[in-house]
Amino acid sequence: MDPMALVTQYNLLQNGPPEESKLATYMKRQQNVSPQSTLFQSLSNQSLSKNYSNLDINQSNASMKKAVDKFQASIPVVDFVPRNLVNSLNIPDGSSMYAKDKSQPIQAYQKNVNGTTYFYPPDSNGTNQPNSNIFDDPSGYLSMSSVESPTSSLYAQDDMRRDLLHRNALSIASPDSDQWPDLPENVEDYHDVYPLDIHGHSSKILTYSTSTYRATNSKTGEKCCLKRIHSFHQTITKYTPLIEAWKKINHANIVQLKDVFITKAFNDSSLIFVFNYHPDSESLQTRHFNSNEILNGYNDPFSSDPNAPRPYSHTKNAILRHQHSNGLLSENTLWNYAIQLSGALRAIHGSGLALRGLCLNRVLVTGNLNTRARLRINCVAVMDILLNDMASSNIIGHFQQEDLTDFGKLLLALACRSLIAVHQDNLTTSIDLMARSYSNDIRNLIRYLLSNQRRHITELMPMIGARFYTQLDAAQNHSDSLENELSKEMENGRLFRLLVKLGSINERPEFNLDPAWSETGDRYMLKLFRDYLFHQVTEEGRPWLDMSHIVQTLNKLDSGSADTICLYSRDEKTILVVSYQELKQCLEQSFSEIASVAASDDLVKAE
């Protein structure tokens, strides 16, 4: 390197750049910026100084290391910024404090909620304030929604619209005739039968093979779920009182039983349970556990499979491995699940019934954890009929106690994220491991459910305590959000009807043998209004698109406002000043003419 260049750079470091240089002008400008960029300036200046110091050919390696250590020590300690905030700012490295271009520091808004500090990104204006779209989710997950567009208040949220469209697609899917050649067209009063089993494989309940289908009730048009029990050779007449009792249970956390009957539509004697259909649902087993774990209940400690975990062989390490691989659930999520399932069991036990076999793959989950996951207990009444035992009241009480034990095992398996945790020999170890990550309240709840004493579902309410109000508040807030989204679609439907009327009138080629009908009288004003609504241009001749203009104008038309507007013909030779009230009268009268003629044509065809 040229020695004169080194001398020049050293002089720049000691005395600063010349006053007339562009670098000096830039540095002066940086001294007048807002205080938020002071940290970035100091770090940038130190980095610049270190780089210039590295050019000193007489500096030893020890002095260079000392300068680097001094620079690193000068960086101020900052709070940890959550990874989801870092990702929202497109920062590839979670340890970095700066944006990708290193030009702006993260202006994170932080808020302390019950001893936990949450970090929020800045709002759309860049100010250090919480984004209005961010809310504290009682389920334990912080929801980060994107900045809304100017027209987002007119339409449903993208995530909600996407979920609803996906569920609708699942509800109207048709089966592949090549893959399912033997699928019946009708099963008693149900048609449009579609298999729901994964990859076409049926499951087993006790010794019976089972299949699941989606179908449509021919009388009501309602989508239903058909649970088929293959080759059932018994009568169900004696179970009529039991079936009627289950059909009366209508609870938010239970998949309601609609009907039970025997059919030969599948070329055998099949027992069919008809339940409500909830598309895009999955079991707790599928959502929270790896697919390599046994799907039908919990692991058998005496399994012949050499790869199956043993309760007496490294049990503690195996549970810890499952926790590490699956990740722990938040305690709020566990309480959310406990509250919903306890409410369902309360409704079942209060009706004098027992669930008999509560396990992870019998509980359906609908919805995302970040919104509000809804749990529903599935396949009620199935075990009562398949086991063929009309239980007395004493036996029902025994089965209800088993329900509470199964409930405790389900919560313990979720807390430990391991299916081997609920084996009888592992319960003590699992509860001790759970106490490391969760509060004493959830541990006491599970210990109570797994105890040998006489238990009752209503005794869980004092243990849940004020957490019930948290979940109730979250459910009501979610209901308000859904009503708000529904109101948007209701307004959109009202405006859509106006556009349908305008589209039916404008540019109609012929009506009642009059080719000029849409170009004369009241229809001509509606044509000019259409141009005023959609076809305006700027002074330069470019199309002028403004959604708020369209919505506001349609609202005034629908309300029949007395406000007036000036309508121009395209050649600007005709100018009309009319009110929205007059335009509405023209619209209603013209559309009624079309509707009356269409109705008369339909009447003639019917006769």
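Worth saying up front: this structure is predicted, and the values here are computed from it rather than measured. (Residues numbered from 1 in each chain as written. Predicted model: local features only at pLDDT ≥ 70, side-chain atom pairs only at ≥ 80, totals over all residues. Heavy atoms only, no water.)

> Give a detailed account of the packing of aromatic side chains, specifying residues and quantitative values.
Counting across every chain of the model gives seven aromatic pairs. Here R356 stacks its cationic end above the ring of F399, 3.8 Å away from the centre of that ring. In this structure, R417 is placed above the aromatic ring of F289, and the distance from its NZ or CZ to the ring centre is 6.0 Å. (Phe/Tyr/Trp six-rings, centres within 6.5 Å; stacked < 30°, edge-to-face > 60°. Lys NZ or Arg CZ within 6 Å of the ring centre and 35° of its normal.)

> Describe the sheet that holds strand β12 (residues 374–377), with residues and values.
Strands sit in the order β10-β11-β12 across an open sheet of three strands; the sheet is antiparallel. Where the open sheet ends on each side, the last strands, each with one partner, are β10 (281–283) and β12. Across the sheet, the mean angle from the axis of one strand to that of its neighbour is 35 degrees, orientation sign disregarded. Across three bridges, the pairing between β10 and strand β11 (residues 363–366) is antiparallel. Residue pairing across strands places E282 opposite V365, the latter belonging to β11. (Pairing = 2+ DSSP bridges. Helix = DSSP H or I, 4+ residues; strand = E, 2+ residues; numbered from the N terminus. Axes fitted to C-alpha atoms, helices over the stretch in contact; angles between N-to-C directions.)

> Give me the environment of L355: which residues, what numbers.
Within the fold, L355 resides in the loop between α10 (331–350) and β11. The buried category is assigned to L355, whose relative accessible area is 2%. Measuring from C-alpha to C-alpha, the distance between L355 and M383 comes to 8.1 Å, with 28 residues separating the pair along the chain. When residues no more than four places from it in sequence are discounted, the contact partners of L355 are W246, L345, I348, R362, I377, V380 and D403. (Buried < 20%, exposed > 50% of the residue type's maximum accessible area, 1.4 Å probe, protein only. Contact = heavy atoms within 4.5 Å.)

> Which residues make up the UniProt feature "binding site: ATP" (unreviewed entry) in the chain, and what are the values?
Under the UniProt annotation, "binding site: ATP" (unreviewed entry) lies at K227. Relative to the helices and strands, K227 resides in strand β7 (residues 223–229). Of the residues examined, K227 reaches a relative accessible area of 11% and is grouped as buried. In contact with K227, not counting residues within four places along its chain, are S203, I205, T210, S211, T212, L271, I272, F273, F275 and C379. (UniProt positions renumbered as here; feature names shortened; annotations may be inferred.)

> How would you explain the pairing of β7 if you had to name every residue and give the values?
The element β7 is largely enclosed, with a buried count of six among its seven residues. Across seven bridges, the pairing between strand β6 (residues 208–217) and β7 is antiparallel. Counterpart to Y213 in the pairing with β7 is L226. Relative to strand β9 (residues 270–276), β7 runs antiparallel, the two sharing six bridges. Bridge pairing in β9 places C224 opposite N276.

> Could you give an account of the pattern of salt bridges, with specific residues and numbers?
Scanning all chains against the criterion turns up 16 salt bridges. A salt bridge links D192 to R214; the nearest nitrogen and oxygen atoms lie 3.5 Å apart. With a gap of 22 residues between them, D192 in strand β4 (residues 190–195) and R214 in strand β6 connect regions that are remote in the sequence. Between K223 and D192 there is a salt bridge, with its nearest N and O atoms 3.5 Å apart. Of the two residues, K223 is situated in strand β7 and D192 in strand β4; the sequence distance between them amounts to 31 residues. Using a relative accessible area of 28% as the deciding quantity, one classes D192 as partly exposed. (Salt bridge = Lys/Arg side-chain N within 4 Å of Asp/Glu carboxyl O.)

> So what's going on with the packing of helix α16 (residues 467–505) against helix α18 (residues 547–559)? Residues and values would help.
For the pair α16 and α18, interaxial distance at closest approach is 10 Å and the crossing angle is 80 degrees. In terms of their interaxial angle, α16 and α18 are classed as roughly perpendicular. In this structure, α16 contributes R494, L495, L498, L499 and L502 to the contact, and α18 contributes V551, L554, N555 and D558. When grouped by side-chain class, the residues that make up the contact of α16 with α18 number six nonpolar, one polar and two charged. (Parallel < 35°, antiparallel > 145°, perpendicular 65-115°, else oblique. Nonpolar A, V, L, I, M, F, W, Y, C, P; charged D, E, K, R; others polar.)

> Now, about α10: what can you tell me, with residues and values included?
Side chains three or four residues apart in an α-helix point the same way, a direct result of the helix having 3.6 residues per turn. With 20 residues, α10 should cover 28 Å at 1.5 Å per step; its first-to-last C-alpha distance of 28 Å lies within 8% of that length. Here α10 lies mainly inside the structure; 15 of its 20 residues are buried. One or two positions beyond α10, positive phi appears at G352, with a value near 75 degrees. (Expected span 1.5 Å × (residues − 1).)

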